[in-house]
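# Descriptive analysis of the structure
Next come the chains, spelled out residue by residue.
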Amino acid sequence: MTTRLTTTRLITTNNTTSDNKTNNKKTNDNKTDHNKTNDNKTDHSKTGNDISNTAAPAKGNSKKLKRGRKPNGVWKCTANGNPEELVLTIMEEDYWLTDEHIVHAQWLLSKQFPDSKGLHSVLAFESKPPKVQKGDKDFVQILHVGGNHWVTVTNIGCQENRIKVFDSLRQKLSKKEKQKLCSCLAVLLNTSSSNMVIEWPSMQRQRGESDCGLFAVAVATSLLNGEDPGSKSYDQSVMRGHLAVCFHCEELAVFPAASSKCVNNDKKEETIEVFCHCRMPFKNGDFMIECSVCLEWFHRSCDKVPRTVTDKTLFHCMNCK
């Protein structure tokens, strides 16, 4: 009996010791997990969205500003929280770049060229009115034009009422897509002239349909580096790898040139009338009225238009009163 009791006590003690070791191990594991959690938090703070462009709310104003926005209503680009995921999708063959890729690319360019104009979030143009800076000189902007198509627009080297659209695909736009593009161009240009002239410079024609986003980023990078994209031939076969490396290194370099001259799209231009205080083109469905003095047309939402309007109504705009 004594031997059994002693043995039992020894076994119990050993089990307790073993349990204590296990518990200690669990405690240490928990500490390790806690440290990992803290490390993850630290890493997350390093890779989180950059909000240096977001001003703090004024005192007494409890409303928080959303990332990438400024108090004056301009939406700028911010960093993507997980650029490595973007890298993986870039390398997928025939993968169309999304707004996340374009916004991150423009954010990198805005860091490299802090004095550059434009480079607004692509979502800024989906808002009514668009949350962009109007009338900037020498801006660069990537725009979404129907489906998954991307183009780069700029007024660098242009007259006051002119804007260039670099389109590597040059696909035929539907009436709705064309109307949306013209509205985006007009709000960026904000010309005081009675019309805006859209130039479509001759540039490299891409192979296939899925690489327009790559060309848009390449053109924007060239423009900000002082190059003329119309005279360049990019090596389309290495564009995906180049952009992936740039995202990984967090710096956009000029895209490699092709060894031979590529086929270019033809140059063309068109003139679009703009109206009202907002200097926007006419859009089907808009109510507009002509001023009896200056003969300019105005939107109801932009001027003090009478509630009831007939053929005999004499309307005087705010400039002519």
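Higher on the page you've got the structure.
Structural notes, computed from the coordinates. Remember, predicted model here, so these are calculated numbers, not experimental data. (Residues numbered from 1 in each chain as written. Predicted model: local features only at pLDDT ≥ 70, side-chain atom pairs only at ≥ 80, totals over all residues. Heavy atoms only, no water.)

## Things to note about the overall build of the protein chain
Our working rule: Only DSSP runs of H or I reaching four residues or more are called helices, and only runs of E reaching two or more are called strands; each is numbered from the N terminus. The buried label applies to any residue whose accessible area, calculated with a 1.4 Å probe on protein chains only, is under 20% of its type's maximum; exposed applies above 50%, and partly exposed to all values in between. The Shrake-Rupley method, run with a 1.4 Å probe sphere, supplies the accessible areas, and residue values consider only the shown protein chains as cover.
Helix and strand content of the protein chain: six helices and eight strands. Its helices and strands in sequence order give the protein chain the pattern α-α-α-β-β-β-β-α-β-α-α-β-β-β, from N to C terminus. When each of the 321 residues of the protein chain is scored for burial, the buried share is 40%. Carbon and sulfur atoms make up 50% of the accessible area of the protein chain, which totals about 18700 Å².

## Some remarks on the pairing of strand β2 (residues 139-144)
So the rule is basically this: Being paired, for any two strands, means DSSP has found at least two bridges between them.
Counting buried residues along β2, five of its six residues qualify, which places the element largely inside the surrounding structure. Sheet topology note: the strand β1 (residues 117-118)/β2 ladder contains two bridges and is parallel. Bridging across to β2, lysine 117 finds its partner in phenylalanine 139. Both β2 and strand β3 (residues 150-154) contribute to a ladder of five bridges, which runs antiparallel. Across the sheet, the residue bridging to glutamine 141 is valine 153, located in β3. Here β2 hands over to β3 after five residues, with glycine 146 in that stretch at a positive phi of 65 degrees.

## Considerations on unusual backbone geometry
Across residues other than glycine, the phi torsion is negative in most instances, and most of the peptide bonds are trans. Even without being a glycine, aspartate 138 presents a positive backbone phi close to 60 degrees. In this structure, aspartate 138 sits in the loop between β1 and β2. Residue classification places aspartate 138 among the partly exposed residues on the basis of a relative accessible area of 37%. Although it is not a glycine, cysteine 276 sits at a positive phi angle of roughly 70 degrees. Along the chain, cysteine 276 turns up in the loop between β6 (268-273) and β7 (288-290). Residue cysteine 276 is classed as buried on the basis of its relative accessible area, which comes to 2%.

## Focus: the nonpolar core
Definition in use: Joining through side-chain atoms within 4.5 Å is the link that ties buried Ala, Val, Leu, Ile, Met, Phe, Trp, Tyr and Cys residues into a set, and such a set is a nonpolar core. We call two residues in contact whenever any of their non-hydrogen atoms come within 4.5 Å of each other.
Counting 37 residues, the largest nonpolar core has Val217, Leu243, Phe247 and Leu252 as the members making the most contacts within it. Looking at this core, the elements that each hand over two or more residues are α2 (83-90), α3 (99-112), β2, α5 (212-224) and α6 (239-249). Top element by residues in this core is α5. It accounts for ten residues. If sequence neighbours within four positions are ignored, phenylalanine 247 has contacts with Leu86, Val87, Ile90, His101, His104, Ala105 and Leu108.

## Let's talk about the packing of aromatic side chains
Note the cut-off: Under the pairing criterion, centres of Phe, Tyr and Trp rings, with the six-membered ring standing for Trp, must be within 6.5 Å; the plane angle then separates stacked pairs below 30 degrees from edge-to-face pairs above 60, leaving the rest tilted. Only when the NZ of Lys or the CZ of Arg is both within 6 Å of the ring centre and within 35 degrees of the ring normal is a charge said to sit over the ring.
Under the counting rule described, the total for this entry stands at two aromatic pairs. The interplanar angle of 80 degrees and the centroid separation of 6.2 Å between the aromatic rings of phenylalanine 215 and tyrosine 234 together place this pair among those described as edge-to-face. Taken together, the residues phenylalanine 215 in helix α5 and tyrosine 234 in the loop between α5 and α6 connect sequence positions 19 residues apart. The two residues phenylalanine 215 and tyrosine 234 agree in class, both being buried. Directly above the ring of tryptophan 200 sits lysine 268, whose terminal nitrogen or CZ lies 5.2 Å from the centroid. Over the ring of phenylalanine 287 we find arginine 300, and its NZ or CZ is 4.5 Å from the ring centre.

## Thoughts on the environment of glycine 146
Within the secondary structure layout, glycine 146 lies in the loop between β2 and β3. The class of glycine 146 is buried, set by a relative accessible area of 15%. With 32 residues separating them along the chain, glycine 146 and lysine 178 place their C-alpha atoms 8.8 Å apart.

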